[in-house]
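Below, each chain spelled out in residue letters.
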Amino acid sequence: MKLTAKTEIIKEFIGIADGINVEELRVHVEEDKIWYLTVDTANVALALVEIPKDAFTEFDVIPSTFCLDMDKFKVIFGFGGKEISIIRDTVESNSIVVESGGYRSVQTLLHDGTVKKDPNMPGFELPGKVEMVGKDLASIITNISKISDKIRFVVADGKFTVKSEAEGQDNTEKVMHGDELLHIGGDGNSMFSADYLIGMSRNFSGDIGISIGVDHPIILEFGVSGGRGTGKYLLAPRIEGGE
Amino acid sequence: MKLTAKTEIIKEFIGIADGINVEELRVHVEEDKIWYLTVDTANVALALVEIPKDAFTEFDVIPSTFCLDMDKFKVIFGFGGKEISIIRDTVESNSIVVESGGYRSVQTLLHDGTVKKDPNMPGFELPGKVEMVGKDLASIITNISKISDKIRFVVADGKFTVKSEAEGQDNTEKVMHGDELLHIGGDGNSMFSADYLIGMSRNFSGDIGISIGVDHPIILEFGVSGGRGTGKYLLAPRIEGGE
Amino acid sequence: MKLTAKTEIIKEFIGIADGINVEELRVHVEEDKIWYLTVDTANVALALVEIPKDAFTEFDVIPSTFCLDMDKFKVIFGFGGKEISIIRDTVESNSIVVESGGYRSVQTLLHDGTVKKDPNMPGFELPGKVEMVGKDLASIITNISKISDKIRFVVADGKFTVKSEAEGQDNTEKVMHGDELLHIGGDGNSMFSADYLIGMSRNFSGDIGISIGVDHPIILEFGVSGGRGTGKYLLAPRIEGGE
């Protein structure tokens, strides 16, 4: 197996799992794409990412999987190379060679049996839908998280509201109307951990689709590899007693 | 009440109290200006700031006071809005709404009775006078504070000296002559806490007037809101036994 | 004694000793140069630096030595002056005056008797030789140190390899061939502490000469003061049992 792509493409692919603090990642290699479906250690957030063959400058594969130690792998991103190659001699090999910027790194793979099984991606139908610029959502999450460690998303009456609920009557909110959004429809109202949203938001680029229900998980969908691939986060809600 | 001004103007107004680590701030609203006179928790430093109606783009007030939780209020400065509006429904209302950059923040006010009374601004006549560029003084304070946690200011013989006194014979000083200053006159010699001076110096802009005596407080006066308003700090001296 | 030079020249002179965490530095003043030979507290690394008279804009000396408290002296670098002057009234004076950017700092010197004696510079003949751009070597050390706290240098077969050896079969290496180097010759293979190499590499500028043997110290030689003076580091190897 030899996979070569621009450093930014590999970094984004790995970064999405890193955004939910995944430490061990099982990557699936198929004839025409690579992908993963992973869950954080607390079983609160899922990430599903897929990038097609044509995002790579070299894509010489046999269908297989390999399991990365994320901390070990991520070091390569600091080496300043423009491209990264991932080389595995055979599908049985227990190591890969990662090359970038003239550096050559031999990395032992994790044993597949010791890495958490891929989760099921739950099949939700969520009624509230918003589409907006990803960087805008990231900026709003950053700002609202300064107020509170929980962030509520509300879709109602053609408006999308992101808000904190602090103690007493205090609250801070950003309301966006239809003309500030690419799309809005339906209804939804759920609260989420700010920490998880911040981690996820580091990976938002291009436009982002948001699906929410009432006290249900949120689904965030966005393009990766410059729109050639797809990324998806699912995050469980924080439901507070008495609300 | 509705007050609207450029973010920089509100930030500077609040920042001066923040420079002496005030945590609870009583703001006075009058027909033609807003102002405060506050003292730090250790009763070592005073700040008096006043900005007139014409520094605001909207100034719809009834004479009153309101008490801010500084930490809660300051979060708004990170939101990237060009203007900030502060809205209070009635002069009895126990909350304000702060709007900036599309964000809307409801903030409970502090009860006036629980916030430290406004101090008296002592009426000193201090003989040593210097006028100089505020940023220059800020830079000198930063540098000298690297040597020692106490900084001595001396006005004598037409020279202004800012100095540290470290252990033994060690000392570091910056001497400015008349041609490096906008004005110098009289005599003075007092020592102050470097920490307080650093906090204050973050707010120096434009020209600054310095008044000092012998082992007396220092008074620092400077323009705010681009020269429309005025800011004043008073800081008690550090007097060491045997000097 | 009065020595005046551009701040960058004094900063580089002092910085080389600082790169191996020397805290007390004995500077030798001669008719036509100043120099030092110093060793870190753990006796693992030496630095030898010499800058000639013509690197100074003022060089009024009597042959002598003086001993600096490095932490005290380094503060002057933050003052923003373009030049630094070091003044000592007589060769018996127990203090110096350091002037820069309008600041004047009186600093008590350390007693010569309390400062570690100058080490001997061992006379090695090391067979492996490499010459390359200093900034390139610094960048490689920074990258490889992210993998491991020990870095191996190998000169063999006309190639220069810098590598980490992590647990198990994992390793990361950068291999440079003759066309990426200014010179390569001989053989060598030794391992060193990454921390020391990082400290040293902050001072690499211009071209650097590397001399290594087998489990022997490394010698790094480079120009200082824009090529007028010379700097040299010697670092003892880390030899692991069983290798």
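Each remark here, short or long, concerns the structure printed above.
The sections below set out a description of the structure shown in this document. (Residues numbered from 1 in each chain as written. Chains lettered and ligands numbered in written order. Predicted model: local features only at pLDDT ≥ 70, side-chain atom pairs only at ≥ 80, totals over all residues. Heavy atoms only, no water.)

## As for the overall build of chain A
Then step 1. Looking only at helices and strands, chain A has four helices and 18 strands in total.
Then step 2. Over its C-alpha trace chain A gives a radius of gyration of 19 Å, about what one expects of a compact globule, namely 18 Å for 243 residues.
Then step 3. A principal-axis box enclosing the C-alpha atoms of chain A has dimensions of 60 × 35 × 30 Å.
Then step 4. Burial analysis of chain A (243 residues in total) assigns 53% to the buried set.
Then step 5. Long-range pairs, those at least 24 residues apart, make up 64% of the contacts in chain A between residues at least 6 apart in sequence.
Then step 6. Entry remark: accessible area of chain A is about 10700 Å², with carbon and sulfur atoms responsible for 47%.
Then step 7. Taken together, the 25 basic and 39 acidic charged side chains of chain A have centroids lying 3 Å from each other. (Helix = DSSP H or I, 4+ residues; strand = E, 2+ residues; numbered from the N terminus. Rg over C-alpha atoms; globule rule 2.2 N^0.38 Å. Buried < 20%, exposed > 50% of the residue type's maximum accessible area, 1.4 Å probe, protein only. Contact = heavy atoms within 4.5 Å. Areas by Shrake-Rupley, 256 points an atom, 1.4 Å probe, with all protein chains shown as cover. Lys, Arg positive; Asp, Glu negative; His and termini not counted. Charge placed at Lys NZ, Arg CZ, Asp CG, Glu CD.)

## Digging into the relation of the copies chain B and chain A
Then step 1. With an axial shift of 0.1 Å and an RMSD of 0.0 Å, the rotation relating chain B to chain A amounts to 120°. On the angle and the small slide along the axis, the relation comes out as a three-fold axis. Nearest to the rotation axis, the C-alpha of Gly78 of chain B is located 17 Å from it, this being the minimum over chain B. (Least-squares fit on C-alpha atoms with pLDDT ≥ 70 in both.)

## Quick notes on the pairing of strand β4 (residues 45-52) of chain C
Residues and elements named next belong to chain C.
Then step 1. Among the eight residues that make up β4, six are buried, leaving the element largely enclosed by the rest of the structure.
Then step 2. The pairing of strand β3 (residues 33-39) with β4 spans seven bridges and is classified as antiparallel. In the strand pairing of β4, Val39 is matched with Leu46.
Then step 3. The antiparallel pairing of β3 with β4 creates a hairpin that spans five residues between the two strands, and Asn43 there sits at a positive phi of about 60°. (Pairing = 2+ DSSP bridges.)

## Quick notes on the packing of helix α3 (residues 134-145) of chain B against helix α4 (residues 194-201) of chain B
All names here are of chain B.
Then step 1. Remark: α3 packs on α4, axes separated minimally by 9 Å, with the N-to-C direction vectors making an angle of 150°. Relative to α4, α3 is oriented roughly antiparallel. The handedness of the crossing between α3 and α4 comes out as left-handed. For the pair α3 and α4, contact is made by Ala138, Ile141 and Ser145 and by Ala194, Leu197, Ile198 and Ser201, respectively. (Axes fitted to C-alpha atoms, helices over the stretch in contact; angles between N-to-C directions. Parallel < 35°, antiparallel > 145°, perpendicular 65-115°, else oblique. Left-handed = near helix turned anticlockwise from the far one by under 90°.)

## Describing the interface of chain B and chain A
Then step 1. Contacts between chain B and chain A engage 14 residues on the former and 13 residues on the latter.
Then step 2. Together chain B and chain A conceal approximately 1100 Å² of surface at their shared face, both sides included; 41% is due to carbon and sulfur atoms.
Then step 3. Taken together, chain B and chain A are joined by one salt bridge.
Then step 4. Across the pair Lys72 of chain B and Asp170 of chain A runs a salt bridge whose closest N-O atoms are separated by 2.7 Å.
Then step 5. Our count for the chain B to chain A interface comes out at nine residue pairs in polar contact (both at pLDDT 80 or more).
Then step 6. Counting residues per element, the side of chain B that touches chain A draws most heavily on strand β9 (residues 103-108) of chain B, at six residues.
Then step 7. Partitioned by chemical class, the residues of the side of chain B that touches chain A number four nonpolar, eight polar and two charged. (Buried area = accessible area lost by both parts, 1.4 Å probe. Salt bridge = Lys/Arg side-chain N within 4 Å of Asp/Glu carboxyl O. Polar contact = N/O pair within 3.5 Å; in protein donor to acceptor, adjacent residues only side chain to side chain. Nonpolar A, V, L, I, M, F, W, Y, C, P; charged D, E, K, R; others polar.)

## Describing helix α4 (residues 194-201) of chain C
Residue and element names in this part refer to chain C.
Then step 1. Across the eight residues of α4, six count as buried, placing the element largely inside the fold.
Then step 2. Taken together, the buried positions of α4 are occupied by Ala194, Tyr196, Leu197, Gly199, Met200 and Ser201.
Then step 3. Elements that come into contact with the buried residues of α4 comprise β4, α3 (134-145), β11 (150-156), β15 (188-193), β17 (218-224) and β18 (229-235).
Then step 4. The distance from a side-chain oxygen at the start of α4 to the backbone nitrogen of Asp195 is 3.3 Å, and the residue carrying that oxygen is Ser193.

## Describing the sheet that holds strand β14 (residues 183-185) of chain C
Residues and elements named next belong to chain C.
Then step 1. Taken in spatial order, the nine strands make up an open sheet running β6-β2-β3-β4-β18-β17-β16-β10-β14, and their pairing is antiparallel. Only two strands of the sheet have a single neighbouring strand rather than two, namely β6 (64-69) and β14. Between one strand axis and the next, the sheet turns through 15° on average, direction left out of account.
Then step 2. In this structure, β17 lies alongside β18, joined through seven bridges in antiparallel fashion. Opposite Phe222, over in β18, you have Gly231 as the bridge partner.
Then step 3. With respect to the sheet, helix α1 (residues 7-18) is in contact with β2 (24-30), β3, β4, β6, β17 and β18, its orientation differing from that of β3 by roughly 20°.
Then step 4. The strands touched by α3 within the sheet are β10 (128-133), β16 (207-212) and β17, with β10 carrying the most contacts at an inclination of about 100°.

## Brief notes about the packing of aromatic side chains
Then step 1. Enumeration according to the criterion identifies 24 aromatic pairs over all chains in this entry.
Then step 2. Ring centres 4.9 Å apart and planes at 70° place the aromatic pair Phe13 of chain B and Tyr36 of chain B in the edge-to-face group. With Phe13 of chain B in helix α1 (residues 7-18) and Tyr36 of chain B in strand β3 (residues 33-39), this residue pair connects regions lying 23 residues apart in the sequence.
Then step 3. For Tyr36 of chain B, a relative accessible area of 0% gives the class buried.
Then step 4. Considering the side-chain rings of Phe73 of chain C and Phe77 of chain C, the 5.9 Å spacing of their centres and the 80° angle between planes classify their relative orientation as edge-to-face. Assigned by exposure class, Phe73 of chain C and Phe77 of chain C land together as buried.
Then step 5. In textbook terms, an aromatic cluster arises when at least three aromatic residues are bridged by ring pairs, as seen for Phe153, Phe160 and Phe192 of chain A. (Phe/Tyr/Trp six-rings, centres within 6.5 Å; stacked < 30°, edge-to-face > 60°.)

## A word on the sheet that holds strand β12 (residues 159-165) of chain C
Then step 1. Taking strand neighbours across the sheet as the criterion, the nine strands line up as β5(A)-β1(A)-β7(A)-β8(A)-β9(A)-β13(C)-β12(C)-β11(C)-β15(C) in an open arrangement whose pairing is antiparallel. Of all strands in the sheet, those bounded by a partner on one side alone are β5 (58-60) of chain A together with β15 of chain C. Between one strand axis and the next, the sheet turns through 20° on average, direction left out of account.
Then step 2. Sheet analysis places strand β1 (residues 2-6) of chain A next to strand β7 (residues 83-87) of chain A, joined by five bridges and oriented antiparallel. By the bridge assignment, Leu3 of chain A is partnered in β7 of chain A with Ile86 of chain A.

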